[in-house]
Amino acid sequence: MASPQQAPHLHLAELTASQFLDVWRHFDADGNGYIEGKELENFFQELESARKGAGVPDSKNDDLGDKMKEFMHKYDKNADGKIEMAELAQILPTEENFLLCFRQHVGSSSEFMEAWRRYDTDRSGYIEANELKGFLSDLLKKANRPYDEPKLQEYTQTILRMFDMNGDGKLGLSEMSRLLPVQENFLLKFQGMKLSSEEFNAIFAFYDKDGSGFIDENELDALLKDLYEKNKKEMNIQQLTNYRKSIMNLSDGGKLYRKELEIVLCNEPPM
């Protein structure tokens, strides 16, 4: 473990995937998926100190507050005042930057949902370790990145360490979606609106009027509007279209079955 005084690896010219994760965990002290507030101040001060020690040219501005504003303007791409994991990947020189590699391949939530469906082969709502390995192998091939079996194993284990919050050796849809840019991660928009199994069953039954076990795109449209109105959240037509398109990527020939929608809208995927 890193000592409280010394952040790990910030002095290095290049970080491996595992070292990158050590840095992330050191600064994201509360484990909420962001470096923010006091964590962000600590990160910036230690990064500045490490860069000075490595002989990196300093900014002409001596005021720490101004330097931090410049830094956030450069790296906080969605201007939310916090650093997320992929923003940190842009800041630190990571040798095997599979986060950015992932994003080049799966840049939108629609592509992400398509990939999810391809690799969640048993439709469990989770990608398990062996499925994740296949997912990363395909990703590296598409990015023309050479790799061997030990390297693939390291990537698989690092991704699991990053995103497997409850340590069960598999990744849920919401865990895996943290690889997406914040602005693309439509699943974040459903935080605070997640349904219990009872609520989900009631709303699905309301829209699946003929009891067929699936709903179509128009019914999903109406369901999402109702869900947002019920939670007093605003959503414009473009957002609605994007969310609907992303969710429909889980459908089977235009039929969105109960289990697929439950993965998106419920607190826990169906067992």
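Note that the coordinates shown come from a computational prediction; the quantities given were computed from them, not determined experimentally.

**What to know about the overall build of the chain**
Moving on, step 1. Each helix and strand in the chain was counted, giving 13 helices and six strands.
Moving on, step 2. As displayed, the chain has an accessible area near 13900 Å², and 49% of this comes from carbon and sulfur atoms.

**So, the environment of Lys 38**
Moving on, step 1. Of note, Lys 38 is situated in helix α2 (residues 38-53).
Moving on, step 2. Here the alpha-carbon distance between Lys 38 and Phe 27, two residues 11 residues apart in the chain, equals 9.4 Å.

**Considerations on the pattern of salt bridges**
Moving on, step 1. All chains considered together, the criterion is met by seven salt bridges.
Moving on, step 2. A salt bridge links Glu 41 to Lys 38; the nearest nitrogen and oxygen atoms lie 3.6 Å apart. You can see Glu 41 and its partner Lys 38 sitting in helix α2, three residues apart, about one turn around the helix.
Moving on, step 3. With a relative accessible area of 57%, Lys 38 lands in the exposed category.
Moving on, step 4. Ionic pairing is found between Lys 225 and Asp 221, a salt bridge with its closest N-O pair at 3.6 Å. Taken together, the positions of Lys 225 and Asp 221, both in helix α11 (residues 217-230) and four residues apart, correspond to about one turn of that helix.

**What to know about the packing of aromatic side chains**
Moving on, step 1. Applying the stated criterion to the full structure yields seven aromatic pairs.
Moving on, step 2. Between Phe 44 and Phe 71, the aromatic rings sit 5.1 Å apart at their centres with planes inclined by 55°, giving tilted as the arrangement. A residue pair is termed long-range when its members are at least 10 positions apart, and Phe 44 in helix α2 and Phe 71 in helix α3 (residues 64-75) qualify at 27 residues. Phe 71 matches Phe 44 in its accessibility class, with the two residues each being buried.
Moving on, step 3. Site record: aromatic cluster; members linked through ring pairs are Phe 27, Phe 43, Phe 44, Phe 71 and Tyr 75.
Moving on, step 4. If you follow Lys 170 out to its NZ or CZ, it ends over the ring of Tyr 126, 4.6 Å from the centre.
Moving on, step 5. One cation-aromatic arrangement involves Lys 209 over Phe 206; the distance from NZ or CZ to the ring centre is 4.0 Å.

**What to know about the side chain of Asp 120**
Moving on, step 1. Secondary-structure assignment places Asp 120 in the loop between α6 (109-119) and β3 (126-128).
Moving on, step 2. The buried category is assigned to Asp 120, whose relative accessible area is 3%.
Moving on, step 3. Setting aside chain neighbours within four positions, we find Asp 120 in contact with Gly 125, Tyr 126, Ile 127, Glu 131 and Ile 263.

**Here's the deal with the nonpolar core**
Looking at soluble globular proteins, one finds that nonpolar side chains tend to be buried together.
Moving on, step 1. Formed by 62 residues in total, the largest nonpolar core has its most connected members in Leu 88, Ile 91, Leu 132 and Leu 261.
Moving on, step 2. In this structure Leu 261 touches Phe 200, Phe 204, Ile 215, Leu 220, Leu 223, Ile 247 and Leu 256, once residues within four positions along its chain are discounted.

**A few points about α11**
Moving on, step 1. With 14 residues, α11 should reach 20 Å at 1.5 Å per residue; the first-to-last C-alpha distance of 20 Å fits that figure.
Moving on, step 2. Listed as buried for α11 are Leu 220, Asp 221, Leu 223, Leu 224, Leu 227 and Tyr 228. Buried residues of α11, viewed axially, fall in a sector of 170°; they line one side. Projecting away from the buried face of α11 at angles above 90 degrees are the exposed residues Asn 218, Glu 229 and Lys 230.

**Quick notes on the confidence of the model for the chain**
Moving on, step 1. For the chain, the mean per-residue pLDDT works out to 76, and 75% of the residues sit at or above 70.
Moving on, step 2. Looking at the elements of the chain, mean pLDDT is at its lowest for helix α5 (residues 98-105), recorded as 62, and at its highest for strand β5 (residues 214-215), recorded as 92.
Moving on, step 3. Contacts for the low-pLDDT stretch residues 1-5, under 50 throughout, to residues beyond four places or in other chains number five contacts.

**Observations regarding helix α12 (residues 237-248)**
Moving on, step 1. Between the first and last C-alpha of α12 there are 16 Å, a value that for 12 residues agrees with the 16 Å anticipated at 1.5 Å per step.
Moving on, step 2. Taken together, the buried positions of α12 are occupied by Leu 240, Tyr 243, Arg 244, Ser 246, Ile 247 and Met 248.

**Let's talk about the packing of helix α10 (residues 197-207) against helix α13 (residues 258-265)**
Moving on, step 1. Packing of α10 against α13 leaves a shortest axis separation of 11 Å and a crossing angle of 130°. The orientation of α10 with respect to α13, classified from their angle, is oblique. Between α10 and α13 lies a crossing whose hand is right-handed. For the pair formed by α10 and α13, the contact residues are Ser 197, Phe 200, Asn 201 and Phe 204 on the first element and Arg 258, Leu 261, Glu 262 and Leu 265 on the second.
Moving on, step 2. Class assignment of the residues belonging to the contact of α10 with α13 gives a composition of four nonpolar, two polar and two charged.

Thresholds applied
Residues numbered from 1 in each chain as written. Predicted model: local features only at pLDDT ≥ 70, side-chain atom pairs only at ≥ 80, totals over all residues. Heavy atoms only, no water. Helix = DSSP H or I, 4+ residues; strand = E, 2+ residues; numbered from the N terminus. Areas by Shrake-Rupley, 256 points an atom, 1.4 Å probe, with all protein chains shown as cover. Salt bridge = Lys/Arg side-chain N within 4 Å of Asp/Glu carboxyl O. Buried < 20%, exposed > 50% of the residue type's maximum accessible area, 1.4 Å probe, protein only. Phe/Tyr/Trp six-rings, centres within 6.5 Å; stacked < 30°, edge-to-face > 60°. Lys NZ or Arg CZ within 6 Å of the ring centre and 35° of its normal. Contact = heavy atoms within 4.5 Å. Core = buried A, V, L, I, M, F, W, Y, C linked by side-chain atoms within 4.5 Å. Expected span 1.5 Å × (residues − 1). Arc of directions from axis to C-beta. pLDDT = per-residue confidence, 0-100. Axes fitted to C-alpha atoms, helices over the stretch in contact; angles between N-to-C directions. Parallel < 35°, antiparallel > 145°, perpendicular 65-115°, else oblique. Left-handed = near helix turned anticlockwise from the far one by under 90°. Nonpolar A, V, L, I, M, F, W, Y, C, P; charged D, E, K, R; others polar.

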